[in-house]
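# Observations on the model geometry
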Amino acid sequence: MMKYEMSEPIGEDSIKKSDGYYISKKSLIAIVTAFVLLLVGVAVLFYFIPRPSNEDEVVCPSVVPPPSDDPEDDIECPPMPDIPVEGPTESDPFYGRLSEDIKPKHYTVWLKIYLDPKDATKQYSFDGNVSIVMHVYATTNTIKIHVRDLNLYHENTYLTDSLQNDVAISHLYEDEVNQFYVIETATPLAAGEDYIFHANFDAPLTLNFHGLYRSFYGTPPNVVDLVASQCQSVAARTIFPCFDEPSFKATFDMIIVHRDKRHALSNMPVINETNIEDDWIETTFETSLVMPTYLLAVVVSDFPSLDLVDGDLTFRVWAQPDYITAANYSLHIGLKMLRFFEEHYGIPYPISKLDMVAIPQFLAGAMENWGLVQYSEGTMIYDPEVNTPSRKQTVALVVAHELAHKWFGNLVTMDWWEHIWLNEGFASFVTYLGVDHVEPDWKYWDSFHVLDMASAYTADSRSSSARPLILPVGWNSEISSMFDTITYSKGAAICRHFRSFLDESVIHNGIKDYLQTYQYSNTVSDDLWAILTRADEGFKGTDVKMVMDSFTLMAGHPIVTVNRTDTNTVIVEQTYFLTDPIDYYQDQYPNNGYIWHVPLTYTDSSYPNFLRPKEDWLYKDPLVINLAGLKDQDWVLFNIDKWGFYRVNYDDDNWQKLANQFKTDHTVITDQSRASTIDDAFKAAEPFHTDVINALRLTEYLDKEFENVVWETVLTNLDYTHRMLLRTAEFYLLEVYWSQKVRPLYESLGWDFSLGGHLDYFQRISAIETACTYGTEDCVTQALEQYRHWMSTGVNDIRDEVRSTVYCTAIRHGGLDEWEFAHAQVTNDTFGTTETDRLQSAMGCTDKSWLLQRYLEDENFATSTVISNIRGKSAVGYSLAWDYTMNNFEKLGLSYKTVWDFKDYMNTQYDLDQLNVFGSRNSNMSSDSAKGFYDAVQRVETNMDWMNKNKDSVKQWLLQVMNISATKTATKGATTDVPRPDTPSRQLTDQGPLIVDGKLGANRIPRISEELYQLQSHRKHKG
Ligand SMILES: [Zn+2]
C-alpha cells in the first residue's frame, strides 16, 4: 500500500512513555529553583497535577485524504471510518495465527453485488459462496479459517473429501476474538489428503474503506454507485471465509455477478461475461496466480477506460467519466515503468493485463493488488491543464511504488507482517528507480535525501517513534501499526544502506537472485541476508546478516564521531543518536547495547574520491584509521553521499576545514555529500554533540550554491536557530545573513513560473519564500505589488503556490490597509478553507502591536487560532499572544494545549518560571494535560541549554561573517549600521520571522514528500 505522512507522531509519546520518569532531575532542580519563593507551590505542582497516562492517546488513523495540489495545505487527520476495534489489548497473548497443519490450495469465490434500488432490501449488500480446496499436512480434527463481519449460513457449511464424499462436522463455531471460523470433524482429516470446505454468507456494502465496500461519484440526485475493495492487511476475511495470512498463498477463481450497466474487474483477465436472469451479468475470471488473500481485488463500476496494448499485455486505466482523460499520464508512465522493472529485474510481469483504477473514496493512497491496482483519485489523476507539478510528482511516485510491488510483495511476499518492510521498504526505494526512468530531468535520486531519508532519520531519532524495523506483531492493531514511517522510509533507507558496504553489481545480482529464488513464495529478512551474503562471496565476503541485524533489530541508529588525533590519524567511535538531548532509549526492544556494525566509507581532500571511497568497519571499540599522505590542512569526510544509515560528527577543526572547502570550491564535494554534511552538522548540534557554529559555518558559501538538494536540506535545518533567536537582538543579523545567502538563488529563479523545468518549479517556491521571509528587498517589493494589485482590482492573480508567502510579506511590510483588506476577505467568507486559513495566518504576520491586539480581541475569529497565528511570527507577536493567553485563559476557556504550544519559542528562565507558575495555578488539570505540561517544561529546559551554550557564539559568528565590529552593535540602536544591501523599509523593531506555526517554509519540497514519507509515527498509512 501507499501511505501518507500527515502530522507529528502525536500519539506515540503517550504510548511509550509511562508515568513517573517524565520529571527528570534537571526538571526538578529547575522547578524547585523557580518555586523557591513558592514553597507550597512545589508540593502543589508535583502532588496535585496528575501524572501523565497513556489513556486517550491521540493517534492519527492510518488513512489519508487525496493529496492536495496546494503545497501549503497541511493534511490533517481525516475522519476515521467505521472500522471495528480490533479485539483485546496488545498486552494480551495472541493466539490468532493459523495452524500449519492444513493449508489452502485453491479457492472458488462466487459473489453477487446489490447496488440498485430495484434490489430492494438487498441494496448495498453482497452475498456469495466459497469453496476452498485444502491440503492436510498433519492429521487433525480442527480447521480454523478466518472470518469477520460476515453473516454465515452455518446450515450450508459443509466439508467433503477429494472424492466429494461428505466429511461429518462435529462442532462448528465462530471464535470472535481470533476471528476464526472453527470446524471440528468427527473423524481426523488425514495427512496428505485434500478436503474441500464450502460456505455461504452475506454482508452489507458500506462506505467503510475495507473489504468489499461501496463507493460512488457524482452529486445527488445523480450519484452513481460502485464497489471497490481493500483487503490489506486483514480484510479479505470480511469478503469470504479464507486463510487470511500472507504465507497461506493459493490460487483463486473469482466469479462476480452484477447488474449489466456495470462491469466487473478482478486480479485476472475476464474469461467470459454471461447474461443471467434479467439484467444480471456473471463475469468469470481466469484462475489467478498463487497469491496471498490480501492482494485480492474486485471493482464493479461503470467507469470508462483508456487502454494501451503492448505485445501480449493490455495496460488500462479506469476512472469516473470526468477524470478519465486525466488518467493518460499515469497510463503512459505506468506501462513504461512496468517494462523497465521487468528488464531491470529480469523477470517478466506474469499477467496478461494490468488495470489501474482511480476510486473516488479510497482510504489508502493506493493498493498494489496483483493485476488490479487501486488508487485514490489524487494519486492517479493528473491534468496538466489544471494540476500543478506537485500533483504530477505525486502521481509518478505513487504509480512507481505500486508497480514496484509487482515484484516486491506480489511475486515475493513477506512471510508475516513483522517483515512488511520487505514489501514496503523495497517498494519505496524502487520508486526512485521508476520515477528516475520516466522523468530523468527530475534528478529524483537526489530527492531521496529530503524525502525518505529525512523522514526516516526524524522518526528514528526520537525514542517516541523509533522502533526496530523488524518487530513481532500479532493483533490486527499491531499489524496496522507496522505501516509507519519506520517501515516505509527507514525500510527504503536500509535498502540504500546496502550500498555502503556492497558493490552495486553485488546488490543488483543479489536482489535478482532473491526475486528468482522466492517468486510465488514468502520470505523473512534472513532470506534476503543469506542471498546477499552469497552474492558477495568472492568479493568482500560480507556477513550481511551480522551487519543488518544491528540496523533492523534495534530501534534507532548511531552517530559516528570522527576525531583527528594527529595529521594522519583519526579515531572513530559510535553512540546512539537522539535528537533531543534529554531523550533516551528505554530497553524495551531486543537490542545489542545500542552498538551497530557500521560500514564506514570515507575520503579526504588529498585525493577526494566519492565514487570509490575507502572503506572500514566500526563496531564496539574505537577504530583508529591511518590516513597516510594527509596534510594538516586536509579534511576528511565520512559516509559518502550518505549511503549508510548513520550520522557523522567531527572535531571542530575538521568541521572548519570542510567549511573552508565549501567556500573555496564546493564542487569538490558532491551535491549529496554537501547536503548530508550540512544536515549532519545541524542535527549533531541539536543534542549538543557539536557546536551549532560548526553547522552555521557550512552555510557561509551558500550564495554560490544552486543545487536543489542542498538548499532543501539547508532550509529544513533553519527552524530551530530561527525560533531560538526570534526574541533576541541577534535576530536582525540572522535575517540579513539569510537574505544575503538566498538572494543569488532567488534572483536566478525569479517569479516567472513558466520558466525552467520541474526542479526549478519547486526551488522557485522555496527561494521566494525564503527571500521574502528574510526581507530581500525585491521579493518584498514584488509581494507588495501583487497584493496591492489584488486590493485595487479585486482580481487575485497571485499564483497559488506563493500566496501564503505573498500575503504574509505584504501584511508584514504593509500597513493598516493591507491588514484590513485581508480581514475583509476573511470575514466576507467568500473563500474555501485553504484560502481563509492562509489569510488568517498572514494577518498574524504584522508586527504592529495595535493590529495584533485588535486581531486577538476580534470576535470573528477563534482566539486559539489567532494565538497560533501570531505566536511564532515576531517577537512582539509572541509577547502579545502570551500575555493575552495568560490574562484570558479562564475567561475564554482556552485549552491547555494553547499554553503548551508556546514551549517551542520559550528559552529563558523567565519563560520557564511563567510556565511553572501557570502549572501550579492549574493543578487540577487532567492527566493528559499534565503530560503536556511536563513535555513543555522539558522542551523549555532544552531550549535554555541551547541558548546558554550557543547564543553568544552565534552572535560573535554573525558579527564576524558580516564584518561588523562588536562595539557597533553593543550600543543601543547601532544595529542600523549593519550593512544590509537589501535595505527593507523597516526599522529594527519591525523585524520578525515569517514562520508559520513554528515551521519555516511549509513548501520546501513538493508537499507530497512529507505527506508520503515522513509519517507515521504518525501512523499514516499503509501502502
Ligand atoms: Zn506499498
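The structure presented is a predicted model; accordingly, all values stated were derived computationally and were not measured.

## Looking at the overall build of the protein chain
- On a plain count of helices and strands, the protein chain comes out with 32 helices and 29 strands.
- In the protein chain, which comprises 1023 residues, the share counted as buried stands at 63%.
- As presented, the protein chain carries roughly 36,600 Å² of accessible surface, and 50% of it is formed by carbon and sulfur atoms.

## Details of the state of the cysteines
- As enumerated under the stated definition, the model contains two disulfides in all.
- In this model, Cys772 is linked to Cys779 through a disulfide, with the two sulfur atoms separated by 2.1 Å. Disulfide Cys772 to Cys779: torsion about the S-S bond roughly -95°, handedness left-handed. Judged on exposure class, the residue Cys772 and its partner Cys779 are both buried.
- Two residues, Cys808 and Cys845, share a disulfide whose sulfurs are 1.9 Å apart. Disulfide Cys808-Cys845: the torsion about the S-S bond is -105°, which places it as left-handed. Linking Cys808 in helix α22 (residues 803-813) with Cys845 in the loop between α24 (833-843) and α25 (849-857), this pair joins segments that are 37 residues apart in sequence. No difference in accessibility class separates Cys808 from Cys845, as the two residues are buried.

## A word on the side chain of His135
- Structurally, the position occupied by His135 is in strand β2 (residues 125-136).
- There is a polar contact of 2.7 Å between the side chain of His135 and the side chain of Asp194.
- Those residues in contact with His135 that sit more than four places away from it in its chain are Asp101, Ile102, Lys103, Lys105, Gly192, Glu193 and Asp194.

## Some words on the sheet that holds strand β28 (residues 636-638)
- The sheet built from three strands is open, its strands ordered β26-β25-β28 with antiparallel pairing. Only two strands of the sheet have a single neighbouring strand rather than two, namely β26 (614-618) and β28. Strand-to-strand twist of the sheet, defined as the mean angle between neighbouring strand axes without regard to direction, takes the value 35°.
- Summarising the sheet, strand β25 (residues 598-604) and β26 pair through five bridges and their orientation is antiparallel. Its bridge partner being in β26, Leu600 is matched across the sheet by Asp616.

## Focus: the sheet that holds strand β7 (residues 180-189)
- The strand order β3-β7-β6 describes an open sheet built from three strands, whose pairing is antiparallel. Edge positions in the sheet fall to β3 (140-146) and β6 (169-175), since each of these pairs with one other strand and no more. The mean inter-strand angle of the sheet, taken between neighbouring strand axes irrespective of direction, is 20°.
- Pairing analysis gives six bridges linking β6 to β7, with the strands arranged antiparallel. Among the inter-strand pairings, Leu172 is bridged to a residue of β7, identified as Ile183.

## Some details on the pattern of salt bridges
- Inspection of the entire model under this criterion finds 51 salt bridges.
- In this structure, Lys490 engages Asp460 in a salt bridge whose closest nitrogen and oxygen atoms are separated by 3.0 Å. Highlighted residues: Lys490 in helix α10 (residues 485-497) and Asp460 in helix α8 (residues 444-460), separated in sequence by 30 residues.
- On the basis of relative accessibility, which here comes to 0%, the residue Lys490 falls in the buried class.
- A salt bridge links Glu615 to Lys540, with the nearest nitrogen and oxygen atoms 3.0 Å apart. Within this pair, whereas Glu615 is found in strand β26, its partner Lys540 is found in the loop between α12 (525-535) and α13 (544-552), the two being separated by 75 residues in sequence.
- Here Glu615 falls in the partly exposed class, since its relative accessible area comes to 39%.
- With a relative accessible area of 34%, Lys540 lands in the partly exposed category.

## Digging into the nonpolar core
- If you look at the biggest cluster of nonpolar residues, it comprises 306 residues, and the most contacted ones within it are Trp421, Phe498 and Phe638.
- When near neighbours in sequence (up to four residues on either side) are disregarded, Trp421 contacts Phe426, Leu469, Ile470, Thr487, Gly491, Ile494, Cys495, Phe498, Ser525, Leu528 and Trp529.

## Details of unusual backbone geometry
- Cis peptide bonds are those with omega within 30 degrees of zero, and the linkage from Pro220 to Pro221 qualifies with 5°.
- Position of Pro221 relative to the elements: it lies in the loop between β9 (211-217) and β10 (224-230).
- Note the cis peptide between Gln232 and Ser233, where omega equals 5°.
- Tracing the backbone through its elements, the reader meets Ser233 in the loop between β10 and β11 (251-259).
- The phi dihedral of Phe209 falls on the positive side, at around 65°, and the residue is not glycine.
- Secondary-structure assignment places Phe209 in the loop between β8 (194-204) and β9.
- Residue Tyr594 is not a glycine yet carries a positive backbone phi of 55°.

## What to know about the packing of aromatic side chains
- By the definition in use, this model includes 55 aromatic pairs.
- Geometrically, the ring pair formed by Tyr576 and Tyr594 is edge-to-face, given 5.4 Å between the ring centres and 70° between the ring planes. On the criterion of sequence distance, the pair formed by Tyr576 in strand β24 (residues 569-576) and Tyr594 in the loop between β24 and β25 is long-range, its members being 18 residues apart.
- By relative accessible area, Tyr594 is classed as buried at 7%.
- One aromatic cluster in this structure is built from Tyr345, Phe408, Trp421, Phe426, Phe498, Tyr514, Tyr518 and Trp529.
- Here Arg764 stacks its cationic end above the ring of Phe753, 5.4 Å away from the centre of that ring.
- Over the face of the ring belonging to Phe688 we find Lys949, whose NZ or CZ atom lies 4.3 Å from the ring centre.

Rules used in this analysis
Residues numbered from 1 in each chain as written. Predicted model: local features only at pLDDT ≥ 70, side-chain atom pairs only at ≥ 80, totals over all residues. Heavy atoms only, no water. Helix = DSSP H or I, 4+ residues; strand = E, 2+ residues; numbered from the N terminus. Buried < 20%, exposed > 50% of the residue type's maximum accessible area, 1.4 Å probe, protein only. Areas by Shrake-Rupley, 256 points an atom, 1.4 Å probe, with all protein chains shown as cover. Disulfide = S-S within 2.5 Å. Polar contact = N/O pair within 3.5 Å; in protein donor to acceptor, adjacent residues only side chain to side chain. Contact = heavy atoms within 4.5 Å. Pairing = 2+ DSSP bridges. Axes fitted to C-alpha atoms, helices over the stretch in contact; angles between N-to-C directions. Salt bridge = Lys/Arg side-chain N within 4 Å of Asp/Glu carboxyl O. Core = buried A, V, L, I, M, F, W, Y, C linked by side-chain atoms within 4.5 Å. Phe/Tyr/Trp six-rings, centres within 6.5 Å; stacked < 30°, edge-to-face > 60°. Lys NZ or Arg CZ within 6 Å of the ring centre and 35° of its normal.

Scope: geometric values only; no functional claims are made or implied.
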